[in-house]
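Residues per chain, in single letters:
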Amino acid sequence: SEDNDEAKCCASCGVVEVDDVKLKNCTACYLVKYCSIKCQKDHRPKHKRACKKQAAELRDELLFKQPESTNLGDCPICCLPMP
């Protein structure tokens, strides 16, 4: 995992996020940030494998997240939350 200093700079060119430089997260994995589309495209070959792995883990986490239980509890027959 990346430490906080790395998360505040462009993964491609290393420019640091300050008042006049706003970095944007990789929208697939949220692991790295970029200062421009050019830097994102330039860094893509190095980032692609880790990005796909993290994006798949995020999708799995969302997919298998348990639904919130309601105040009525779960159905004793099917174990789904009561409406």
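These notes cover the structure that comes with them. (Residues numbered from 1 in each chain as written. Predicted model: local features only at pLDDT ≥ 70, side-chain atom pairs only at ≥ 80, totals over all residues. Heavy atoms only, no water.)

## What about the pattern of salt bridges?
Next up, step 1: Per the stated rule, a full pass over the model turns up two salt bridges.
Next up, step 2: Measuring nitrogen to oxygen at the nearest pair gives 2.7 Å for the salt bridge that ties Asp-42 to Lys-38. Note that Asp-42 and Lys-38 are positioned in helix H2 (residues 37–63) at a spacing of four residues, about one turn of the helix.
Next up, step 3: Since its relative accessible area comes to 56%, Lys-38 is described here as exposed.
Next up, step 4: With a shortest N-O distance of 2.9 Å, Lys-53 and Glu-57 are connected by a salt bridge. Residue Lys-53 and its partner Glu-57 are located together in helix H2, separated by four residues, close to a single helical turn.
Next up, step 5: By relative accessible area, Lys-53 is classed as exposed at 55%.
Next up, step 6: A relative accessible area of 38% places Glu-57 in the partly exposed class. (Salt bridge = Lys/Arg side-chain N within 4 Å of Asp/Glu carboxyl O. Helix = DSSP H or I, 4+ residues; strand = E, 2+ residues; numbered from the N terminus. Buried < 20%, exposed > 50% of the residue type's maximum accessible area, 1.4 Å probe, protein only.)

## Remarks on the side chain of His-43
Next up, step 1: Secondary-structure assignment places His-43 in helix H2.
Next up, step 2: Ignoring any residue separated from it by four or fewer positions in sequence, one finds His-43 in contact with Ala-11, Ser-12 and Tyr-34. (Contact = heavy atoms within 4.5 Å.)

## Comments concerning the environment of Lys-8
Next up, step 1: Note that Lys-8 resides in the loop between helix H1 (4–7) and strand E1 (24–25).
Next up, step 2: Given the relative accessible area of 47%, Lys-8 is considered partly exposed.
Next up, step 3: In the structure, Lys-8 is positioned 25 residues away from Lys-33 in sequence and 7.4 Å away in space, judged by C-alpha atoms.
Next up, step 4: In contact with Lys-8, not counting residues within four places along its chain, are Val-15, Val-16, Glu-17 and Leu-23.

## A short note on unusual backbone geometry
Next up, step 1: Notably, Tyr-30 is not glycine yet its phi reads approximately 65°, a positive angle.
Next up, step 2: Tracing the backbone shows Tyr-30 in the loop between E1 and strand E2 (33–34).
Next up, step 3: For Cys-79, which is not glycine, the phi torsion reads 65° and is therefore positive.

## As for H2
Next up, step 1: Compared with an ideal rise of 1.5 Å per residue, which puts 27 residues at 39 Å, H2 spans 29 Å between its outermost C-alpha atoms and falls more than 12% short.
Next up, step 2: Taking the largest bend as the criterion, H2 deviates by roughly 70°, centred on His-47.
Next up, step 3: Inspection of H2 places Cys-39, His-43, His-47, Cys-51 and Ala-55 among the buried residues, and these make up the whole buried set. (Expected span 1.5 Å × (residues − 1). Bend = angle between axes of the 7 residues up to and from the residue.)

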